Amino acid sequence: METGPESFVAIECKAAERVESRVTRGIVNLAAEQGPLAVPAARVACRTEQAYPVEIADIGDARAVPVAGPSGVLDDLLRWL
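No experiment lies behind these values; they were computed from the predicted model shown.

Trainee: So what exactly am I meant to see when it comes to the overall build of the protein here?
Mentor: The helix and strand tally for the protein stands at two helices and five strands. For the protein, the N- to C-terminal ordering of α and β elements is β-β-α-β-β-β-α. Taken over C-alpha atoms, the radius of gyration comes to 12 Å for the protein, in line with the 12 Å a tight globule of 81 residues would show. Taken over the C-alpha atoms alone, the protein extends approximately 30 × 30 × 15 Å along its principal axes. Expressed as a percentage of its 81 residues, the buried residues of the protein come to 38%.

Trainee: Mind showing me how you'd approach the sheet that holds strand β4 (residues 52–53) here?
Mentor: Paired through backbone hydrogen bonds, the strands of a sheet run either parallel or antiparallel to each other. The strand order β1-β2-β3-β5-β4 describes an open sheet built from five strands, whose pairing is mixed. The open sheet terminates on both sides in strands that have one partner only, identified here as β1 (2–4) and β4. When β1 meets strand β2 (residues 7–13), the two strands line up antiparallel, connected through two bridges. Along β2, the bridge assignment pairs G4 with S7. Along the sheet, helix α1 (residues 25–34) contacts β2 and β3 (41–46); its crossing angle with β2, the most-contacted strand, is approximately 160°.

Trainee: Explain the nonpolar core to me, please; I cannot follow it from the model alone.
Mentor: As a rule of thumb, nonpolar side chains are buried together in soluble globular proteins. In terms of nonpolar packing, the biggest core is built from 16 residues, with V19, I27, V39, A42, I56 and I59 touching the most fellow members. Elements that contribute at least two residues to this core include exactly β2, α1, β3 and β5 (61–66). It is β3 that provides the largest number of residues to this core, a total of three residues. Sequence-distant contacts of A42, defined by excluding residues within four places in its chain, comprise A10, I27, I56, I59, D61, A62 and R63.

Trainee: How do you make sense of the side chain of T24 when you look at a structure like this?
Mentor: The topology assignment puts T24 in the loop between β2 and α1. With residues near it in sequence (within four places) discarded, T24 still touches E12, V44 and I56.

Trainee: I tried to follow unusual backbone geometry on my own but got confused; where do I start?
Mentor: One can expect most non-glycine residues to show negative phi and most peptide bonds to be in trans. Even without being glycine, E6 reaches a positive phi, approximately 55°. Along the chain, E6 falls in the loop between β1 and β2. Phi at D58 takes a positive value of approximately 70°, unusual for a residue other than glycine. Here D58 lies in the loop between β4 and β5. By relative accessible area, D58 is classed as exposed at 61%.

Scoring rules and cut-offs
- Along each chain, residues carry numbers from 1 onward, in the same order as the chain's sequence is written.
- Given that the model is predicted, a residue must reach a pLDDT of at least 70 before its local features are reported, and side-chain atom pairs must reach 80 or more before they are shown or counted; all residues, however, enter totals for whole chains, interfaces and linings.
- With hydrogens and water stripped out, all remaining heavy atoms of the structure feed into the side-chain values.
- Per the convention used, a helix needs a DSSP run of H or I reaching at least four residues, while a strand needs a run of E reaching at least two, with both numbered from the N terminus.
- In this treatment the radius of gyration is a C-alpha quantity, and the globule benchmark scales as 2.2 Å times the residue count to the 0.38 power.
- A 1.4 Å probe rolled over the protein chains alone gives each residue an accessible area, and that area as a share of the maximum for its type sets the label: buried under 20%, exposed over 50%, partly exposed in between.
- Should DSSP find at least two bridges between two strands, the strands are regarded as paired.
- Here, residues are in contact when the closest pair of their heavy atoms is within 4.5 Å.
- The axes used here are C-alpha line fits, helices contributing only the stretch in contact, and every angle between their N-to-C directions lies in the interval 0 to 180 degrees.
- Buried residues of nine kinds, namely Ala, Val, Leu, Ile, Met, Phe, Trp, Tyr and Cys, make up a nonpolar core once their side-chain atoms join them within 4.5 Å.

Listed below in structure tokens is the structure:
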């Protein structure tokens with residue numbers, strides 16, 4: 001999702017309950033293409049019940065999050081809009 005000129009919050013969706021950094025190729029490719037400063041945050045929407053950090057190279061704020069609920073990606077989207 002573009003949050004400003006050349007600034008993105010990357011969002012990737014997975015069917016798993018638990019995700020690891022190795023499955024976030026789309027986010028890694030976006031950061032490589034746009035530059036690490038252009039992607040300061042990333043979310044991996046998945047079937048987890050609780051948000052937790054995910055290690056993604058060059059992205060400081062990367063988390064796996066549930067789709068809905070207070071820590072979900074939908075809640076984050078509303079804050080970024």
